[in-house]
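Reading the structure
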Amino acid sequence: MTDARPSLLRRAWATLEQGPLHTNELAKRVMGLDGHPGAAAAAVFALLGNDNRFHADGEGVWRIRAQRGPQPGPALSALSYAVTDVETTGGPYERGHRITEIAIVEVRDGAVADAFETLVNPGRRIPENTTRLTGITNSMVARAPAFDEIAEQVFQHIAGRVFVAHNARFDWGWVRAQLADALGDVPRVERLCTVQLARRLLPGLKRRNLDALSDFFRIPIHHRHRAYGDALATARIFLRMLDRAGGVGIGDLHALQKFRPSRRNRYQRELFDPSHLGRP
């Protein structure tokens, strides 16, 4: 899914750096739209309306804000992502609970490219209720490496990539805590949460857990509540979300992180609301 052309967002930035433009002219120069003014306006608003680096006045003239945000960065398809899932002993880190399994699925060039997965010896017994959920037993982790033994590999698989997880706050919190303990260092990475992305890109979907998104996109989850099965399903769901974002010109990471669908804009509702679209 590589794209050698500049993203629409970066094209709009370069065009408006030369001076303000009316919506219709901007649609023509950036998107090649030279037809119905209403459709052109809807397309421009969908591209720029939720990006605080751009502003339109009451006359429909677009400008780059004086106190503008960062210039659009690399296209989303040009970035690498570390889609991560962890399983744990089931309690808080502060009470001595630890990771029992970790999987990191690398996504690049619009596809799943590589994966790292391993059981982890948590150094404590796994409660029975956690074993019932994950299927990970004490005997399975008895000969697995401790996190300290794999910490460097985990660091290398995450560093330099965008960290992605379903409920990223949970998974990143565990990875960050155990890396800090093992290495005294944590990679500085941008993070994306597929739960949050679902709220923005699929606002009409009532449930956004991994099972609901898997069902919506018709992506099977092999070995639910195991790190690799959940990480692989999350990676595939994430790719479908990137396709949806790219469909309206959300071209870089900043725009994706800041995007909020507008309730006032019918064009955006039809693009992002499953009740309008039906399943993919």
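Basis of the calculations
- Residues numbered from 1 in each chain as written.
- Predicted model: local features only at pLDDT ≥ 70, side-chain atom pairs only at ≥ 80, totals over all residues.
- Heavy atoms only, no water.
- Pairing = 2+ DSSP bridges.
- Helix = DSSP H or I, 4+ residues; strand = E, 2+ residues; numbered from the N terminus.
- Axes fitted to C-alpha atoms, helices over the stretch in contact; angles between N-to-C directions.
- Contact = heavy atoms within 4.5 Å.
- Buried < 20%, exposed > 50% of the residue type's maximum accessible area, 1.4 Å probe, protein only.
- Right-handed = clockwise from strand over helix to strand, strands pointing away.
- Core = buried A, V, L, I, M, F, W, Y, C linked by side-chain atoms within 4.5 Å.

1. Considering the sheet that holds strand β7 (residues 162–165)
With respect to topology, five strands assemble into an open sheet ordered β6-β5-β4-β7-β8, the strand pairing being mixed. Two strands lie at the open edges of the sheet, namely β6 (111–119) and β8 (191–193), each paired on one side alone. Across the sheet, the mean angle separating the axes of adjacent strands is 25° when strand polarity is ignored. Taken together, the three bridges between β7 and β8 define a ladder with parallel strand orientation. Looking at the pairing, Ala165 lines up with Cys193 of β8. Strands β4 (81–88), β5 (99–108), β7 and β8 of the sheet are contacted by helix α7 (residues 168–183), whose axis makes an angle of about 80° with β4. Docked against the sheet, helix α8 (residues 194–201) engages β7 and β8, running at close to 60° with respect to β8.

2. Focus on the pairing of β7
Taking every second residue as pointing to the same face, both faces of β7 are buried, with Val162 and Val164 on one and Phe163 and Ala165 on the other. Pairing between β4 and β7: three bridges, direction parallel. Bridge pairing in β7 links Ala82 to Phe163. Taking the sense of rotation as the criterion, the β-α-β connection linking β7, α7 and β8 turns out right-handed.

3. Observations regarding the nonpolar core
Note that soluble globular proteins tend to have their nonpolar side chains buried in a common cluster. Counting 52 residues, the largest nonpolar core has Leu48 and Tyr81 as its most contacted members. When residues in this core are grouped by element, the largest group, 11 residues, is from helix α10 (residues 227–247). Every residue in contact with Leu48, bar those within four places of it in the chain, is listed here: Leu9, Ala12, Leu16, Leu26, Phe54 and Trp62. Counting residues in each nonpolar core, the second largest holds 26 residues, with Ala82, Val86, Phe116 and Ala151 among its members.

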